[in-house]
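Here's the letter readout for the chains.
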Amino acid sequence: MKKGTTSAGVQRQYSGTAGRTENCQIGVFAAYATARGRALVDRELYIPKSWAEDRERCRAAKVPDDREFATKGELARRMVLRALGSPLPITWVTADSAYGQESRFRRLLEQSGVGYVLAVPKSQFTVGCPRIEGLFAQAPDEAWEKTSCGNGAKGPRVYHWAAVRLPAVAEFDYQGEVPHRMRWAPARRSIRKPDEIAYYLAYAPLETTAQELVRIAGTRWAIEECFQAAKNECGLDQYEVRRYPGWYRHITLAMLAHAFLAATVHQAREKGGAERVRQPGPSSSQWRRFGDSWQLVGPGLRTCTDVEAATTR
C-alpha cells in the first residue's frame, strides 16, 4: 500500500494483501516449488490502463516507453513462457482464480503440454453445467472424501475433496486418435463450514490420480509462504522507491536473497545438519518450517466418473 499518486502503477485498486480496495501498487509473482524447497522466481509490476494511457506520467516515474498496458493474466502468461524457456524442469502450474478463470492462460498451458490445477470462481462455466457450483451440487455424498492437501501452520490442512472428470477436448487431449491428457474438476469443501467450497479446473496426464491433484492444489500455498518469508526475512515489502526501475531493483534483490536462504537451508539438510538449522518459532518464516515437499495424509479420493467436470498470485 502506498500514499500519493506518483509511485509507478499506484492507484486505488483491489489489494490481495489488504483484502480490500486501497491506494497501492500491484505485483504479479511466480514461485517455483519442489521437494527441496521453494522460492520466488519472477515478478512483474502491474501498470494500470490509466497509467499506460498517460505517457507523461509514465515518463516521470521512469516507466519505459515500450511498456504498454497488460492485464495481470497477460503478465502471468509472460512469466510462464519465460519459465518454460528456462532450464527449470516444470511439470505443473497452479494459480488462484484470478488467473485460473482466464481461458487464454489455460490454453497456453495446454498447448505447452504442462499440467495444471487452477482455482476458478464458482461461476466458472464447465461442460455439462453453466456454473461449476451447479455441477458439484449434483455430487453424491459419497463423492466427498476427507483428506489433506498439505501441511499448514497448524498441521495438515484437511478438507472434504471431490473430483470428477470432464470430457476430453480432441484438439488438446489427443495425440492422433490416442488420448494422452485428462480434464478434471476438483473441489475443496470446508469441514466446519460446508457451504464454503473452492473450485478448480485441472489438466493432467492419463495416469494422474485424484490424490495427486489434491497435492498439486495444495502447493499453491507455496507462493504465500514465499511472500511471508521474503517479507519477514528479506524486506520484500520494505521499500520507499517511487520509480519503475527502483521497484524492480528492490524486488529482484529481495527475491535473490530469499532464494539464497532457501538453497542454504536445503544444503544444510542434505548434509545432515538439519538439527543445526534454527527451529522456527511463532514469528519465523513458514518456508523454513515447511521446506519439504507436501505430503498427503488420510484416505485417498474417490473419483466420480461419468459426471462432467474436471494453477502466480
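Whatever comes next refers back to the structure up there.
First, a word on what this report is: a plain description of the structure on this page. In this text, all values refer to a predicted model and were calculated from it rather than measured experimentally. (Residues numbered from 1 in each chain as written. Predicted model: local features only at pLDDT ≥ 70, side-chain atom pairs only at ≥ 80, totals over all residues. Heavy atoms only, no water.)

### Section: the packing of aromatic side chains
Alright, step 1. Applying the stated criterion across every chain yields a total of 10 aromatic pairs.
Alright, step 2. Centroid distance Tyr99 to Phe105: 6.3 Å. Interplanar angle 50°. Geometry classified as tilted. Neither Tyr99 nor Phe105 differs from the other in exposure class; each is buried.
Alright, step 3. Every member of this aromatic cluster is reached through a ring pair, and the members are Phe29, Phe227, Tyr244, Trp247 and Tyr248.
Alright, step 4. In this structure, Arg188 packs its charged tip against the face of Tyr159, placed 4.6 Å from the ring centre.
Alright, step 5. Here the basic side chain of Arg189 rests over the ring of Trp144, its NZ or CZ set 4.4 Å away from the ring centre. (Phe/Tyr/Trp six-rings, centres within 6.5 Å; stacked < 30°, edge-to-face > 60°. Buried < 20%, exposed > 50% of the residue type's maximum accessible area, 1.4 Å probe, protein only. Lys NZ or Arg CZ within 6 Å of the ring centre and 35° of its normal.)

### What to know about the pattern of salt bridges
Should the charged atoms of two oppositely charged side chains come close, the side chains can pair.
Alright, step 1. Overall, the coordinates contain 16 salt bridges when judged by the stated rule.
Alright, step 2. A salt bridge links Arg59 to Asp65; its shortest N-O distance comes to 3.3 Å.
Alright, step 3. Its salt-bridge partner being Arg107, residue Glu110 comes within 3.0 Å of it at the nearest N-O pair. On the criterion of helical spacing, the pair formed by Glu110 and Arg107 is a turn pair, its members being three residues apart in helix α5 (residues 103-112).
Alright, step 4. Judged by its relative accessible area of 31%, Arg107 is partly exposed.
Alright, step 5. Within the structure, one salt-bridge network assembled from shared partners comprises Asp42, Arg43, Glu44, Arg67 and Arg82. (Salt bridge = Lys/Arg side-chain N within 4 Å of Asp/Glu carboxyl O. Helix = DSSP H or I, 4+ residues; strand = E, 2+ residues; numbered from the N terminus.)

No statement about biological role is implied by the geometric values presented.
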